[in-house]
Amino acid sequence: MLDKAFGFEKPEDSPGFLLWQTTITWQRLIKKALDPYQISHAQFVILAIVLWFEGVNQEPTQVLITRQSKLDKMTVSKSLKKLVSLGLTKRAEHEKDTRAKSVHLTAKGKSLASKLVPIVEKMDKKFFGVVNAKDQQQLINLLNNIILKNE
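Residues numbered from 1 in each chain as written. Predicted model: local features only at pLDDT ≥ 70, side-chain atom pairs only at ≥ 80, totals over all residues. Heavy atoms only, no water.

Draft legend 1. Quick look at the nonpolar core. Among the nonpolar cores identified, the biggest contains 25 residues, and I39, F44, I46, L47, I65 and L83 are the most heavily contacted of them. Only α1 (15-34), α2 (41-55), α3 (62-69), α4 (73-85), β2 (101-105) and α5 (107-128) provide two or more residues apiece to this core. Element by element, the count of residues in this core is highest for α2, at eight residues. Excluding residues that lie within four positions of it along the chain, F44 makes contacts with L34, I39, L116, V117 and V120. (Core = buried A, V, L, I, M, F, W, Y, C linked by side-chain atoms within 4.5 Å. Buried < 20%, exposed > 50% of the residue type's maximum accessible area, 1.4 Å probe, protein only. Helix = DSSP H or I, 4+ residues; strand = E, 2+ residues; numbered from the N terminus. Contact = heavy atoms within 4.5 Å.)

Draft legend 2. Highlighting the side chain of S77. Structurally, S77 can be placed in helix α4. On the basis of relative accessibility, which here comes to 17%, the residue S77 falls in the buried class.

Draft legend 3. A look at α4. The end-to-end C-alpha distance of α4 is 18 Å, a good match for the 18 Å that 13 residues give at a rise of 1.5 Å each. Inspection of α4 places V76, S77, S79, L80 and L83 among the buried residues, and these make up the whole buried set. Packing partners of the buried residues in α4 comprise α2, α3, β1 (89-93) and β2. Phi for G87, located one or two positions after α4, is positive at around 75 degrees. (Expected span 1.5 Å × (residues − 1).)

This is the structure in structure tokens:
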């Protein structure tokens, strides 16, 4: 008999549980791809975000990185300290807003980020490639909608 504590007949009926399982499976693949470079997933995301912002000529700050990545402030701060110590990023006071910290890739950081982005995108393509392009686009739309409505 089903315990009344659960709102679902079986775990696979829970969208939260399925999202958790999907995320864990995907993160495991990304971690495996990043391990040879001794970069965590959070550190990679930060490098990629800074690379993106610099590519569109927007000055990345810690606040923008936190907002874009959805990582908590402490994780961003600790990850940036590590990335600075590895010589991949540098932080400085923002030119216009002295409360903000600007973040920039070093040449080494840009080189690594440029190398890792295609590797991670290849893993994404493999992972999400199990569903057709139309369903992938629908998934992207659904996930964007969920994020937007929960901010």
